[in-house]
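Residue strings, one per chain:
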Amino acid sequence: MPFASVPEILKELRRGGTALLLDHREPDSLGDIICAAEKVSAKTLNFMASEARGLIRLSLPAKLCEDLQLEIQARNPDFPLQKAFTVSIDARGLLHPGISVKSRAKTILTAIDTECKASDLVRPGHVLPLRARTGGVLIRAGKTEGSMDLARLAGMCPAGVMCEVLDTKGEQMRLNQLKRFSSKHNLKMCTIADIIEFRLSHEEIIERLEDVEMPTDYGNFRLIAFRSMQDPEPHIALCKGGVGDLDRFGRVIPRPEPVLVRVQPECLPGCVFGTQFCTCGKSLAKAQERIEEEGKGAIVLLRRYPARVEEMVHPHATSSRSPAVPADRRDFGLGSQILHSLGLNQLRVLTNSRQKIFGIEGFGLSVVERLSLR
Ligand SMILES: [Zn+2]
């Protein structure tokens, strides 16, 4: 069986099937049978246990592990990217012994249930969760993140079940054996690199970093940092009223209602020194005031990387005469990606500009209102 495309793998996982996930295409590559956790069954686990023979693990998003109080078993600061096994679990009140495939399927489905609480899981147990890194294969190119990403890309709960493939002697199979194994069991194969490439070509490459509470002179906000693949330093969203909040799976909670937003490029002389060359500082302050009054909204501050002091002092000189107007289409793209990542759809835009806002529909956004900042 040749390698399949990522969409073919996703189709297979969506219909409850399994696939083979390989590290890479080199002769020494190892492989795991994987399935989406949401579709796990006793039959699938039995197939893994009897044909693949490795350790059956459950990859879970980091946020869910925190919510369910699944502590990491051991940490080695020298290897921050090593496998992150958490304490083992069983679902509370199992009818069969925890090791049976029926029980393990029940435990997996319990752990990923949106209603599951830490107390619904007994520790230790017979299912081994692995904590996947937030950001998936773009942050850690491992099978834990790969199986989570595939489940998410297939539109399902971002959690996967994996089992290493061993031969009859108990050794891990390598590429050629894995190819024969996949043919024998009619399994589609892909590699971690295939998932990375698919994500890079299909996703907006904005990655959410940390978020912190930010009390300001205008009120209390939440500061969320986003990294774009092109820029060295993070872009910033200052949010209020639950905008950008995450659910326990680390997914942003959608805000279908119209929300007040301001997108502004960073302007050092304007925002820091209150220069009279532009009104950026005043606009930013006004936007914070308005959002505080409203109780909900987001300000996106796009970072700038001026090459020369002259550009730093007169950041608007080359791009536009009018201050606080986004300088180019890249700002719209980046700003839109961040607004989209905050779960927003309908925008009430705080702007003094009459300029058309380009191409934001591609990000599922629409401008329902424009409000002056004066
Ligand atoms: Zn300015």
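Residues numbered from 1 in each chain as written. Predicted model: local features only at pLDDT ≥ 70, side-chain atom pairs only at ≥ 80, totals over all residues. Heavy atoms only, no water.

**Student:** Quick question: what am I supposed to make of the sheet that holds strand β3 (residues 53-61) here?
**Tutor:** Note on sheets: strands pair through backbone hydrogen bonds, and any given pair is parallel or antiparallel. With mixed pairing, the 7 strands of this open sheet are ordered in space as β4-β5-β3-β6-β2-β1-β7. Since the sheet does not close on itself, it has two edges, and those belong to β4 (89-91) and β7 (188-191), each with one partner. On average, adjacent strands in this sheet sit at an angle of 45° to one another, irrespective of strand direction. The strands touched by helix α5 (residues 143-153) are β1 (19-22), β2 (31-36), β3, β5 (121-132), β6 (160-165) and β7; relative to β5, the strand with the most contacts, the crossing angle is about 90°. (Pairing = 2+ DSSP bridges. Helix = DSSP H or I, 4+ residues; strand = E, 2+ residues; numbered from the N terminus. Axes fitted to C-alpha atoms, helices over the stretch in contact; angles between N-to-C directions. Contact = heavy atoms within 4.5 Å.)

**Student:** Just to check I follow, could you spell out the state of the cysteines for this structure?
**Tutor:** The full count for this structure, using the stated rule, is 0 disulfides. Looking at Cys 65, it has no disulfide partner, and the nearest cysteine sulfur is the one in Cys 157, 11 Å off. The exposure class assigned to Cys 65 is buried, which follows from its relative accessible area of 1%. (Disulfide = S-S within 2.5 Å. Buried < 20%, exposed > 50% of the residue type's maximum accessible area, 1.4 Å probe, protein only.)

**Student:** Would you mind going over the sheet that holds strand β9 (residues 219-228) with me for this structure?
**Tutor:** If you walk across this open sheet you meet the 7 strands as β8-β9-β10-β12-β11-β13-β14, and the pairing is mixed. The open sheet has two edge strands, β8 (206-216) and β14 (366-371), and neither has a second partner. Taking each pair of neighbouring strands and ignoring which way they run, the sheet shows an average axis angle of 25°. Here β8 runs beside β9; their pairing, made up of 9 bridges, is antiparallel. Considered in β9, the bridge of Glu 207 is made with Arg 227. The strands touched by helix α9 (residues 280-294) within the sheet are β8, β9, β10 (235-240), β11 (259-265), β12 (297-302), β13 (346-350) and β14, with β11 carrying the most contacts at an inclination of about 165°.

**Student:** How should I be thinking about the environment of Leu 95 in this particular structure?
**Tutor:** Among the structural elements, Leu 95 can be located in the loop between β4 and α4 (101-111). Each C-alpha atom, one on Leu 95 and one on Ser 147, is 29 Å from the other, the two residues being 52 residues apart in sequence.

**Student:** Hey, could you run me through the domain arrangement of the protein in this one?
**Tutor:** A common measure of how large an interface is: the accessible area buried when the components associate. One can read the domain layout of the protein as domain 1 (6-202) and domain 2 (206-371). For domain 1 and domain 2, the distance between their C-alpha centres works out to 37 Å. With 14 residues of domain 1 in contact, the opposing surface of domain 2 contributes 9 residues. Between domain 1 and domain 2 lies a buried interface of about 900 Å² when both sides are counted; carbon and sulfur atoms form 62% of it. When the buried area of domain 1 at its contact with domain 2 is split by residue, Lys 63, Leu 64 and Thr 114 rank highest and sum to 38% of it. Applying the counting rule to domain 1 against domain 2 returns 1 salt bridge. Summed over the shared surface of domain 1 and domain 2, the number is 5 residue pairs in polar contact (both at pLDDT 80 or more). Per-element tally for the side of domain 1 that touches domain 2: the top contributor is helix α3 (residues 62-67), with 3 residues. (Domains from an automatic or database assignment. Buried area = accessible area lost by both parts, 1.4 Å probe. Salt bridge = Lys/Arg side-chain N within 4 Å of Asp/Glu carboxyl O. Polar contact = N/O pair within 3.5 Å; in protein donor to acceptor, adjacent residues only side chain to side chain.)

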